[in-house]
Amino acid sequence: MSQIHVLVINCGSSSVKFSIIDTRSGQALLSGLAERLLSDKANFKLNYLQQNEQFPLKSPYDHQAAIDVLVQQLGKLELLDSLSAVGHRVVHGGEQFSKPTLITAEVKQTIKDLARLAPLHNPANLTGIKAAEKALGHLPQVAVFDTAFHQSMPQKAYLYGLPYALYQEHAIRRYGFHGSSHAYVATQAAQFIGKPLNQCNFISAHLGNGCSITAIRDGQSIDSSMGFTPL
């Protein structure tokens, strides 16, 4: 089978969400969730061809155990050879990342350093990256950052009315989040109205467990309702 699929992983502090995306159609071929990790109530659910299955996890019921089960099941379904890359959702990219980035040792260190800005998210994201590298180290691992889309915001939007030294010394500024969602919505909206994205102005809303609104001018984020943290 030709390599046309990307495994997408979103690691939380006690969960792993995943999908396999067909890069030709953009459709999810497979999806699932491992939840209640780090407890003996951890479980692993997989949906493939409209069939739902559940599998046990082994102690210590962690992210590595979940990804090991995922890889095992992908092998049984003969999907491993079709994978061309692994994509990881990472919450905070600070000012360092403005686009999807091939994961290297330096990138992992930066994600770790940025955990001070997203202590509930970045450590879990990094755990997922390391687990996927251990299980699927032969594949390119790519990080997509929630903050990346908002790196186009001008200073007047991202600087707070605080002493400038706080920005210089502690990186306190507006970062914006849900960037992958806002970028996707803007791209789809541009296609829907038949205009090039760089000629489109939108106000986009991400509504979920977290919510945010973004102002988009000429296809780029120029302001967002989320600020220093994902709160």
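Residues numbered from 1 in each chain as written. Predicted model: local features only at pLDDT ≥ 70, side-chain atom pairs only at ≥ 80, totals over all residues. Heavy atoms only, no water.

1. Description of the overall build of the protein
And then number 1: When helices and strands are counted, the protein shows six helices and eleven strands.
And then number 2: Computed over its C-alpha atoms, the radius of gyration of the protein comes to 19 Å, within 12% of the 17 Å expected for a compact globule of 231 residues.
And then number 3: If you line up the protein on its principal axes, its C-alpha atoms span 55 × 45 × 30 Å.
And then number 4: Residues counted as buried form 42% of the 231 residues belonging to the protein.
And then number 5: Taking the intrachain contacts of the protein between residues at least 6 apart in sequence as the baseline, contacts between residues at least 24 apart amount to 56%. (Helix = DSSP H or I, 4+ residues; strand = E, 2+ residues; numbered from the N terminus. Rg over C-alpha atoms; globule rule 2.2 N^0.38 Å. Buried < 20%, exposed > 50% of the residue type's maximum accessible area, 1.4 Å probe, protein only. Contact = heavy atoms within 4.5 Å.)

2. Some thoughts on the packing of aromatic side chains
And then number 1: The full count for this structure, using the stated rule, is six aromatic pairs.
And then number 2: Judged by centre distance (5.5 Å) and plane angle (55°), the rings of Y164 and Y167 are tilted. Taken together, the residues span about one helical turn, with Y164 and Y167 both in helix α5 (residues 164–170) at a distance of three residues.
And then number 3: On the basis of relative accessible area, Y167 is assigned to the buried category, the value being 15%.
And then number 4: Between Y175 and F228, the ring centres sit 6.3 Å apart and the planes meet at 35°, which makes this aromatic pair tilted. Placement of Y175 in the loop between α5 and α6 (179–193) and of F228 in the segment after β11 (220–224) is noted, with a sequence separation of 53 residues between them.
And then number 5: You can call Y175 buried: its relative accessible area is 1%.
And then number 6: Aromatic rings pair up to connect F18, F44 and F55 into one cluster. (Phe/Tyr/Trp six-rings, centres within 6.5 Å; stacked < 30°, edge-to-face > 60°.)

3. Considering the sheet that holds strand β9 (residues 202–207)
And then number 1: Taken together, three strands build an open sheet; the order of strands is β9-β10-β11 and the sheet is antiparallel. Two strands close off the open sheet at either side, each with one partner strand: β9 and β11. Within the sheet, the average angular offset between the axes of one strand and its neighbour, ignoring direction, is 35°.
And then number 2: Bridge analysis of strand β10 (residues 211–217) against β11 gives four bridges, and the strand direction is antiparallel. By the bridge assignment, I216 is partnered in β11 with S221.
And then number 3: Sheet strands touched by α6: β9 and β10. Its angle to β9, the strand with the most contacts, is close to 130°. (Pairing = 2+ DSSP bridges. Axes fitted to C-alpha atoms, helices over the stretch in contact; angles between N-to-C directions.)

4. Observations regarding unusual backbone geometry
And then number 1: Along the chain, S59 connects to P60 via a cis peptide bond; the corresponding omega equals 15°.
And then number 2: Considering the arrangement of structural elements, one finds P60 in the loop between β5 (51–55) and α1 (63–76).
And then number 3: Phi is positive for Q50, which is not a glycine, with a value near 65°.
And then number 4: When you line up the elements, Q50 lands in the loop between β4 (43–48) and β5.
And then number 5: The residue E78 is not glycine, and still its phi comes out positive at about 60°.

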